[in-house]
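Per-entry structural report
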Amino acid sequence: ILKANPKVNLDVISHTDSQGDDASNLSLSQKRSTSAIEYLISKGVDKTRLKAIGKGESAITNRCLNGVACSDKEHEFNRRTEFNFNKN
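Residues numbered from 1 in each chain as written. Predicted model: local features only at pLDDT ≥ 70, side-chain atom pairs only at ≥ 80, totals over all residues. Heavy atoms only, no water.

Examining helix α1 (residues 22-42)
In this model, α1 (21 residues) spans 30 Å end to end at C-alpha, consistent with the 30 Å of a helix rising 1.5 Å per residue. Those residues of α1 that fall on the buried side of the exposure criterion are Asn25, Ser29, Ser33, Ala36, Ile37 and Leu40. Looking straight down α1, one finds its buried side chains confined to an arc of 115 degrees; they lie on one side. Exposed positions of α1 whose direction lies more than 90 degrees from the buried face are Ala23, Lys31, Glu38, Tyr39 and Ser42. As for α1, its buried residues are in contact with β1 (8-15) and β2 (50-56). Two or three places before alanine 23, at the start of α1, stands the capping residue aspartate 21, its side-chain oxygen 3.2 Å from that residue's backbone nitrogen. Phi turns positive one or two residues past the end of α1, at glycine 44, with a value near 100 degrees. (Helix = DSSP H or I, 4+ residues; strand = E, 2+ residues; numbered from the N terminus. Expected span 1.5 Å × (residues − 1). Buried < 20%, exposed > 50% of the residue type's maximum accessible area, 1.4 Å probe, protein only. Arc of directions from axis to C-beta. Contact = heavy atoms within 4.5 Å. Polar contact = N/O pair within 3.5 Å; in protein donor to acceptor, adjacent residues only side chain to side chain.)

Remarks on the state of the cysteines
Evaluated as defined, the whole model comprises one disulfide. Residue pairing for cysteine 64: its cysteine sulfur links by disulfide to cysteine 70, the two sulfurs lying 2.2 Å apart. The disulfide joining cysteine 64 to cysteine 70 has a torsion of about -110 degrees about its S-S bond and is therefore left-handed. By relative accessible area, cysteine 64 is classed as buried at 0%. On the basis of relative accessibility, which here comes to 18%, the residue cysteine 70 falls in the buried class. (Disulfide = S-S within 2.5 Å.)

Brief notes about the environment of aspartate 46
With respect to the element layout, aspartate 46 can be found in the loop between α1 and β2. Note: C-alpha distance between aspartate 46 and cysteine 64 (18 residues apart in sequence) is 37 Å. A distance of 3.0 Å separates polar atoms of two side chains, one belonging to aspartate 46 and the other to threonine 48.

Printed below as a string of structure tokens:
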């Protein structure tokens, strides 16, 4: 999409589950997002069209907030990376 559409930019937004402390999860999500950006750059996408955003555990999609006992499968739903395409 990015190579075929030079006027499209991409926000790469990564999330974590609530396990671990908030600051570490924020840092981890930023590293995951940055890693995805680095991959896209290695494939020839101009870095000025890409933005890495780490959200940590600020956007949990289910009941698995801090202090709530959840299964690994439940936590898994919160570990994700989203790709938001924006037309310039």
